[in-house]
Amino acid sequence: MRTRVGIIGGGPAGLLLARLLHRAGIDCVVLESRTREYVERRQRAGMLEQGTVDALRAAGAAHRLDTEGLVHHGIELRFERERHHLDFPVLTGGRTVTIYAQTEIVKDLVALQLAAGPPLLFEAEALAVEKPESDTPVVRFLHDGREQTLVCDWVVGCDGSHGIARAAFPAAAGRTYTHDYPYSWLGILAEVPPSCDELIYARHERGFALHSMRSPYVSRLYLQVPNDTSLDDWPDDRIWDELAARFAIDGDWTLNRGPITAKAVTPMRSQVHAPMRHGRLLLAGDAAHIVPPTGAKGLNLAVSDVSVLAHAFTALHATGSTRLLDGYSDLCLERVWQATRFSYDMTRMLHAQPDGDAFDHHLQLARLRRITASRHAAAELAANYTGLPLPT
Ligand code: FAD
Ligand code: DHB
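Everything numeric here is computed off the predicted structure, so don't read it as measured data.

Caption draft 1: Here's a closer look at the packing of helix H8 (residues 298-319) against helix H9 (residues 323-350). At a minimum axis distance of 10 Å, the contact between H8 and H9 shows a crossing angle of 165°. Between H8 and H9, the angle falls in the class roughly antiparallel. When the axes of H8 and H9 are compared, the crossing they make is right-handed. Residue-level contacts link Leu301, Ser304, Asp305, Val308, Leu309, His311, Ala312, Ala315 and Leu316 of H8 to Leu324, Leu325, Tyr328, Leu331, Cys332, Arg335, Val336 and Ala339 of H9.

This is the structure in structure tokens:
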């Protein structure tokens, strides 16, 4: 098989890139190792920055998002049994965020791709990228029970944090920066109306808790748990009791409980691989960087990477110039490091440190008090949360 752009991975990054290239008249092929059912059910992100919504609209992929997405005008911070509202439009000059599940974005993009888009092969596992320094890099992959090759002009690794594209970078061609956190998140999906209109980020001595949602009937909640936590230790009643304890305030508020339909534990890590390009192989999304989920940045970064990349490929297609592709890594990494900093700060401010002492505890509270007391500090959080612009 031969194509201009070979895309490894059919997650949000790979699917949106394929959609944008298709609309620009650029030939591409997407290889996805899992089945369609699997990628459409994988529970993950839910909070979209305004720029992400705009990018999906520009790709003609926001029809359902525009009718079913829940526009949010702020978040609530909870600590010391108090609740504090941050009003994003007031703090940012009109910006909002939207709740719309990653599963739904993937379903929308898969449907568009299968209806009219370039080839999207499921159960096609990329094994290796060969000759990334040459003009015709090759992806070796397994499909239909046999090994095949995809000969490309360019290859984009959108294959997530456990993918294979990064392995094609020679050791001397890049560097990986990593930070592991001493806790994980236990996430649940529950068939119960959300107990709030806005997302709640709660700091409690017992640990962090987050209340999010997927629809007016489905809640999504997360609890900080120790690393290596087994789900066997967390029967449903224990999860609800722990969430209720961490969200408790002085005043009238009750956590709605209901049947739990999904449960998973996710470790937390920051990782940046730089540069995001070697020869004719480029990385985008989680393949290049991961952040802890506290700032809700992962999916949003994946979308901004591929928006920049699609623009660069479109310029190459129209003018023959690789100038924008040459600047891709530096441009994206500037925003990636800002999101990495924000996610780290949010995580450190809101999670109980397992080895933390009274000093850490007071610093966390001082940070939270500053945000709720100073419009300037609140505006800084709101600007990062709703999404920083791409540097120009
Ligand atoms: P992925 O979604 O990981 O997709 C990679 C794809 O590549 C997968 O489909 C995989 O099967 C495929 N693949 C892997 N290896 C191969 C191979 N060898 N050959 C072919 N295909 C391969 N982000 C936010 O912005 N907001 C949030 O609210 C948020 N909440 C989160 C909550 C949780 C609990 C978690 C875990 C993550 C959250 N994120 C959030 C992060 C977000 O889900 C990821 O950043 C996002 O999925 C990245 O998309 P991607 O396409 O780069 O990678
Ligand atoms: C969701 C996840 C997050 O990590 C976050 O900060 C906000 C929302 C979610 O899954 O809805």
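Moving on, there is more to tell.
Caption draft 2: Spatial organisation of the packing of helix H3 (residues 50-58) against H8. Interaxial distance between H3 and H8 falls to 9 Å at its minimum, and their mutual angle equals 50°. Considering their axes alone, H3 and H8 lie oblique with respect to each other. Between H3 and H8 lies a crossing whose hand is left-handed. Contacts between H3 and H8 pair Gly51, Thr52 and Ala55 from the former with Asn300, Val303, Ser304 and Ser307 from the latter. The class makeup of the residues in the contact of H3 with H8 is 2 nonpolar, 5 polar and no charged.

Caption draft 3: The arrangement of unusual backbone geometry in detail. Proline 275 follows alanine 274 through a cis peptide bond whose omega is -5°. With respect to the secondary-structure elements, proline 275 resides in the loop between strand S16 (260-274) and strand S17 (277-278). Of note, the phi angle at glutamate 123 is positive, near 50°, even though the residue is not glycine. Along the chain, glutamate 123 turns up in the loop between strand S8 (120-121) and strand S9 (125-130).

Analysis parameters
Residue positions are counted from 1 within each chain, in the order its sequence is given. Chains and ligands are labelled sequentially in the order written, the chains with letters from A and the ligands with numbers from 1. Per-residue local features of the predicted model are confined to residues with pLDDT of at least 70, and side-chain atom pairs are confined, for both listing and counting, to 80 or more; whole-chain, interface and lining totals are unaffected and use all residues. Only C-alpha atoms enter the line fits that serve as axes; for helices the fit covers just the stretch in contact. Angles between N-to-C directions range over 0 to 180 degrees. Think of it this way: any DSSP run of H or I at least four residues long counts as a helix, any run of E at least two long counts as a strand, and we number them from the N terminus. Comment on the angle field: the value is read as roughly parallel under 35 degrees, roughly antiparallel over 145, roughly perpendicular from 65 to 115, and oblique elsewhere. Note: crossing handedness is left-handed where the near helix turns anticlockwise from the far helix by less than a right angle, and right-handed where it turns clockwise. By definition, residues are in contact whenever their C-beta atoms, placed on the basis of the backbone, come within 7 Å of each other. Gly counts as polar in this scheme, as do all residues outside two lists: the nonpolar Ala, Val, Leu, Ile, Met, Phe, Trp, Tyr, Cys and Pro, and the charged Asp, Glu, Lys and Arg.

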